[in-house]
Amino acid sequence: MARAGQRGGAAEQTGHGAAVVEVRVPRGTWLTRGTDGRLTAFAHTAEGVLRWTERRAGAPDWEGPDFFPVPHLDSLTVGQGANGYTHLVGRRAVPREDAPTAVDLVHAVQYQTGRALGTFRGLGNPHTKSPTRAARLGVPAVAVDDGGTVHVLVRNAGRGLMLRREDKTGKWEGWKDLKGSRLYDVPAAVATSAGTVEVLAPGEALTSYWVRDKAHGPFAQRPDIPLSVRSGSVRGLETSPGVVTFYWTDPANGGLVAHRPGSWLIPMGGSPVDDTLSVLRARIDGEDRTVFAYRDAAGQVMVAMCRSEQEQDGLWWAPSGLSGTGRPCLALDGAGRVTLGVFGTDGRPRLSRRSDEPGLLMGPALTV
C-alpha cells in the first residue's frame, strides 16, 4: 500500500510538473460503514483505487487518501455485505496496438476498516475466445447475499446479462449466461435479508427481471416488464423484509419513478442529472424511512425522504447544502445518522450528517 499523491480532481495537479489526475466516482455504495462504525470513502483513477478513512467513528478527522495500484482501471463498483466486508469490482481496459482493447474484471475485498485491501484478483471476461467481443463487456453490478456470497452481473457484448459468483466454498464459479436482449448498461442487483437476490436490467424495448430464491440456486428470469427507463439510472433497495423497490429516471419527463415488481409505477418528482440517484433505508424520528439524494444539473445535491413504501404520499425535494460532481452516496455512520457524501471538483470527498432537528435537515459540510 502506498500513500497517494493523487489528492485532486480533473483540474488539479499531483505536484510540480506532475500530470493531471482525474478522480472518478465509483458506482454502488462508495461510502461504507465498517463493523467498527467507521466510514470509508472510495474513489479511483485510471491507475488505481483511492481510499479515505474516518480516524474515529463519527469524528470529523479522516486519513488518506491511501492508494492501491490497479493499472488501466476504467470503472469501479463497490458493494457491501451484511458481514461488513466491502467488495470492489473493477473493469480494466488495456489499450493494445493493432488489436481491440483488452478488457477484464478484477475483484478485491476490504475485511476491516483502514486495513490494506486484499489482492485484486482477475475475474476474467466471458468472451475469452473473441477479443473484439471482449472489448464490449459492460460495467459490473455487485450484490452480496446474506451468506456473504458475491454476485457480479455485467452486460455482455450481445447485450444480454452474464453472472459470475462465488460457490459454497468461496471459489468463483464460471460465467453463466442469464440471457436478456438489447439491455442497457448497468443493471441493478439487490440482495435481501430474506436470502433472495433480485436483478432488474432495463433495455431498449423491455425491462428484464431475474430472481434467485435460494442461496447458490439458479436465477429464474421472470416475464419482461414494459417499462421505459433512462439508461444507467435504475437503483434498487430492500424497503421491507424481502421486498425490493426499484427507482429510476423516466426518460420522457426526467422525473424519478418508484416500482415494486407486480405493482403500479409511482411518480416521485425530482430532476436528477445522469445516473446520480442514491437511496438508503434509515430510522428517522422513530419511523422507517427511505432517503433519496441526487445531483441536479447545477451540481447541487438534492435530498428527500418518505415513509418506506409510501412514495405515493409525495416527496419534498430540498437542497442539502452540498454540491459536487459524479454520484452522491448515502450511508449510516457509527451513530446511525444519515450521512451524505459527494466528491468536489477538487477530487476530495465532502460529507454532511443529518442534524438533530426533526426531518431531513443536513448539518454543516465537511471536506475530507
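Use the structure listed above.
Residues numbered from 1 in each chain as written. Predicted model: local features only at pLDDT ≥ 70, side-chain atom pairs only at ≥ 80, totals over all residues. Heavy atoms only, no water.

Considerations on the sheet that holds strand 22 (residues 265-269)
Stage number 1. The strand order 19-20-21-22 describes an open sheet built from 4 strands, whose pairing is antiparallel. In this open sheet, the two strands that pair with only one neighbour each are strand 19 (235-240) and strand 22. Averaged over all neighbouring strand pairs, the angle between strand axes comes to 30°, with direction disregarded.
Stage number 2. As judged from the 4 bridges shared by strand 21 (residues 256-259) and strand 22, these two strands associate in the antiparallel manner. From the neighbouring strand, L256 faces strand 22, where its bridge partner is G269. (Pairing = 2+ DSSP bridges. Helix = DSSP H or I, 4+ residues; strand = E, 2+ residues; numbered from the N terminus. Axes fitted to C-alpha atoms, helices over the stretch in contact; angles between N-to-C directions.)

Quick look at the environment of D333
Stage number 1. Following the sequence through the fold, D333 ends up in the loop between strand 27 (325-332) and strand 28 (338-343).
Stage number 2. On the basis of relative accessibility, which here comes to 0%, the residue D333 falls in the buried class.
Stage number 3. Residues in contact with D333, not counting those within four places in the same chain, are R33, G37, L39, T339 and R353.
Stage number 4. Here the side chain of D333 touches A335 through a polar contact of 2.9 Å, landing on its backbone nitrogen. (Buried < 20%, exposed > 50% of the residue type's maximum accessible area, 1.4 Å probe, protein only. Contact = heavy atoms within 4.5 Å. Polar contact = N/O pair within 3.5 Å; in protein donor to acceptor, adjacent residues only side chain to side chain.)

Observations regarding unusual backbone geometry
Working note: non-glycine residues mostly have negative phi, and peptide bonds are mostly trans.
Stage number 1. Note the cis peptide between G64 and P65, where omega equals 10°.
Stage number 2. Residue placement: P65 occurs in strand 6 (residues 62-69).
Stage number 3. Of note, the amide linkage connecting D185 to V186 takes the cis form, showing an omega dihedral of 20°.
Stage number 4. Tracing the backbone shows V186 in the loop between strand 14 (176-179) and strand 15 (188-191).
Stage number 5. At R159, a position not held by glycine, the phi torsion is positive, near 70°.

Comments concerning empty space enclosed by the protein
Stage number 1. Evaluation of the coordinates by the stated rule reveals 1 cavity of 30 Å³ or more.
Stage number 2. Estimates place the volume of the largest cavity at around 50 Å³.
Stage number 3. The wall of the largest cavity is formed by G34, T35, Q80, G84, T86, Q110, Y111, Q112 and T113.
Stage number 4. Class assignment of the residues belonging to the lining of the largest cavity gives a composition of 1 nonpolar, 8 polar and no charged. (1 Å grid on protein atoms, 1.4 Å probe; cavity = no way out; pocket = protein on both sides within 12 Å on 5 of 7 lines; lining within 4 Å. Points joined across faces, edges and corners; volume = space filled by probe spheres on them. Nonpolar A, V, L, I, M, F, W, Y, C, P; charged D, E, K, R; others polar.)

A word on the pattern of salt bridges
Stage number 1. A full pass over the atoms with the stated rule returns 25 salt bridges.
Stage number 2. As a salt-bridge pair, E54 and R353 come within 2.7 Å of each other at their nearest N and O atoms. On the criterion of sequence distance, the pair formed by E54 in strand 5 (residues 48-54) and R353 in strand 29 (residues 349-353) is long-range, its members being 299 residues apart.
Stage number 3. Taking relative accessible area as the criterion, E54 reaches 0% and is therefore assigned buried.
Stage number 4. Looking at R353, the relative accessible area reads 13%, which means it is buried. (Salt bridge = Lys/Arg side-chain N within 4 Å of Asp/Glu carboxyl O.)

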